[in-house]
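# Geometric and topological summary
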Amino acid sequence: MGHNPQNSGDYIAAFREKPRGTNGHTFANLYSIPTDPDRFPTDVRNFNGFWQPYAVFGLWGKFQCDLHGEDACVWTSRQVQVELKYRYNFVEHRGEVKIFRELRQRCSQLERHENIHPWQFPILEKGQAGWIMKHLIFMLKKRYYVKRNSKSGPSSRRVDRLVNGELDHKVDDCEACLLKRCPWSMVDVDPNKMNGKEENNEENLKNIAWVFIDENEHIYNM
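On a predicted model such as this, the values are computed, not experimentally measured, just so you know.

This part takes up the environment of Arg 181. Tracing the backbone shows Arg 181 in the loop between helix 5 (175-178) and strand 6 (193-194). On the basis of relative accessibility, which here comes to 8%, the residue Arg 181 falls in the buried class. For the pair Arg 181 and Gln 81, spaced 100 residues apart in sequence, the C-alpha separation works out to 9.4 Å. Once you skip the residues sitting within four places of it in the chain, Arg 181 turns out to touch Ala 55, Gln 81, Glu 83, Arg 101, Leu 103 and Ala 176. Reaching out from Arg 181, the side chain makes a polar contact with the side chain of Glu 83 at a distance of 2.8 Å.

Attention shifts here to the state of the cysteines. Two cysteines whose sulfur atoms are joined by a covalent bond form what is called a disulfide. Scanning all chains against the criterion turns up zero disulfides. Take Cys 107: it sits in no disulfide, and the sulfur closest to it among the cysteines is that of Cys 65, at 3.4 Å. Cys 174 takes part in no disulfide bond, and the closest cysteine sulfur, belonging to Cys 177, lies 3.6 Å away. Overall, the relative accessible area of 2% leaves Cys 174 in the buried class.

This next bit is on helix 3 (residues 128-145). Look at helix 3: 25 Å from first C-alpha to last across 18 residues, which is about the 26 Å you get at 1.5 Å a residue. Looking only at helix 3, the buried set comprises Gln 128, Ala 129, Gly 130, Ile 132, Met 133, Leu 136, Ile 137, Met 139, Leu 140, Lys 141, Tyr 144 and Tyr 145.

In this section: the confidence of the model for the protein chain. Looking at the protein chain, pLDDT values average 86 and 86% of them are 70 or higher. This stretch, residues 152-164, has a pLDDT under 50; its non-local contacts, to residues over four places away or in other chains, come to 16 contacts.

Take unusual backbone geometry next. Phi at Phe 47 is positive, roughly 60°, even though this residue is not glycine. With respect to the helices and strands, the residue Phe 47 is situated in the loop between strand 1 (42-43) and strand 2 (52-65).

What follows covers the nonpolar core. Ranked by size, the top nonpolar core spans 34 residues in total, and within it Phe 27, Leu 140 and Trp 210 carry the most contacts. Ranked by the residues each element gives to this core, the list is headed by helix 3, at nine residues.

Turning next to the sheet that holds strand 2. Taken in spatial order, the five strands of this open sheet run 5-2-3-4-7, and their pairing is mixed. One side of each edge strand has no neighbouring strand; the edge strands of this open sheet are strand 5 (123-124) and strand 7 (210-212). Judged from the two bridges that link them, strand 2 and strand 5 form a sheet pairing that is antiparallel. By the bridge assignment, Lys 62 is partnered in strand 5 with Ile 123.

Further remarks concern the pairing of strand 4 (residues 94-102). Strand 4 sits mainly inside the fold: nine of its nine residues count as buried. Note that strand 3 (residues 73-89) and strand 4 share eight bridges and pair antiparallel. Residue pairing in the sheet places Val 82 in a bridge with Glu 102 of strand 4. Sheet analysis places strand 4 next to strand 7, joined by three bridges and oriented parallel. Bridge assignment links Gly 95 to a residue of strand 7, and that residue is Trp 210.

Before going further, it helps to spend a moment on the side chain of Glu 96. Mapped onto the fold, Glu 96 is located in strand 4. Here Arg 87 takes part through its side chain, which lies 2.8 Å from a polar atom of the side chain of Glu 96. Within the local environment of Glu 96, its side chain forms a polar contact with the side chain of Asn 89, the two groups lying 3.0 Å apart. Once residues within four sequence positions are removed from consideration, Glu 96 is found in contact with Trp 51, Lys 85, Tyr 86, Arg 87, Asn 89, Trp 210, Val 211 and Ile 213.

Inspection of the entire model under this criterion finds two cavities of 30 Å³ or more. When the residues that make up the lining of the second largest cavity are grouped by side-chain class, the tally is four nonpolar, one polar and three charged.

Their axes nearest at 8 Å, the elements helix 1 (residues 8-15) and helix 3 cross at an angle of 45°. Between helix 1 and helix 3, the interaxial angle falls into the category oblique. The handedness of the crossing between helix 1 and helix 3 is right-handed. Contacts between helix 1 and helix 3 involve Asp 10, Tyr 11, Ala 14 and Phe 15 from the first element and Ala 129, Gly 130, Ile 132 and Met 133 from the second. The residue inventory of the contact of helix 1 with helix 3, partitioned by class, reads six nonpolar, one polar and one charged.

Calculation criteria
Residues numbered from 1 in each chain as written. Predicted model: local features only at pLDDT ≥ 70, side-chain atom pairs only at ≥ 80, totals over all residues. Heavy atoms only, no water. Helix = DSSP H or I, 4+ residues; strand = E, 2+ residues; numbered from the N terminus. Buried < 20%, exposed > 50% of the residue type's maximum accessible area, 1.4 Å probe, protein only. Contact = heavy atoms within 4.5 Å. Polar contact = N/O pair within 3.5 Å; in protein donor to acceptor, adjacent residues only side chain to side chain. Disulfide = S-S within 2.5 Å. Expected span 1.5 Å × (residues − 1). pLDDT = per-residue confidence, 0-100. Core = buried A, V, L, I, M, F, W, Y, C linked by side-chain atoms within 4.5 Å. Pairing = 2+ DSSP bridges. 1 Å grid on protein atoms, 1.4 Å probe; cavity = no way out; pocket = protein on both sides within 12 Å on 5 of 7 lines; lining within 4 Å. Points joined across faces, edges and corners; volume = space filled by probe spheres on them. Nonpolar A, V, L, I, M, F, W, Y, C, P; charged D, E, K, R; others polar. Axes fitted to C-alpha atoms, helices over the stretch in contact; angles between N-to-C directions. Parallel < 35°, antiparallel > 145°, perpendicular 65-115°, else oblique. Left-handed = near helix turned anticlockwise from the far one by under 90°.

Right, here's the structure in full:
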């Protein structure tokens, strides 16, 4: 779907972060934990791994619109969302992660604007890409590497803080709001997804290497 190229370097740096102790939330740490690849979902159309969406919300970023003469319009938001996709590739025997899209915003569509201004991708604040990857890794560990837990999603306190934390948030100028997924979203059931096993088969444990790929499914040079 697209993202701001200015964020690519931060995503790559966050993905390749070096191990931190034995319980760090890095992909290098994840490799050290064996799990059963059959726990990951399968796409019934080709029986390879299913590209599972995962959204991280409540991120900090800024947006810029250049359609204001000499002075660009710049605004900040704490309602930025980034959607990733991940899968276990049963052909290549590896885990794969990609940035699917960054949800956009635009200038407030007030009557003073003669034309509707275009949607803009966010420029993430420093540290936000790292937060995204840690969020993803924590979820992967919980869902596919340890015994599954019925608890999922953000706490109500987290949601309330996001809803009330940005009083000037314009629904008509937030792509996530128009998609009815702001401040956070639920993943729709996909009929092409076949869920994996609930627990590990101890005879099928593997150390899974993860790669970060672009929108054309080419591996980023790490």
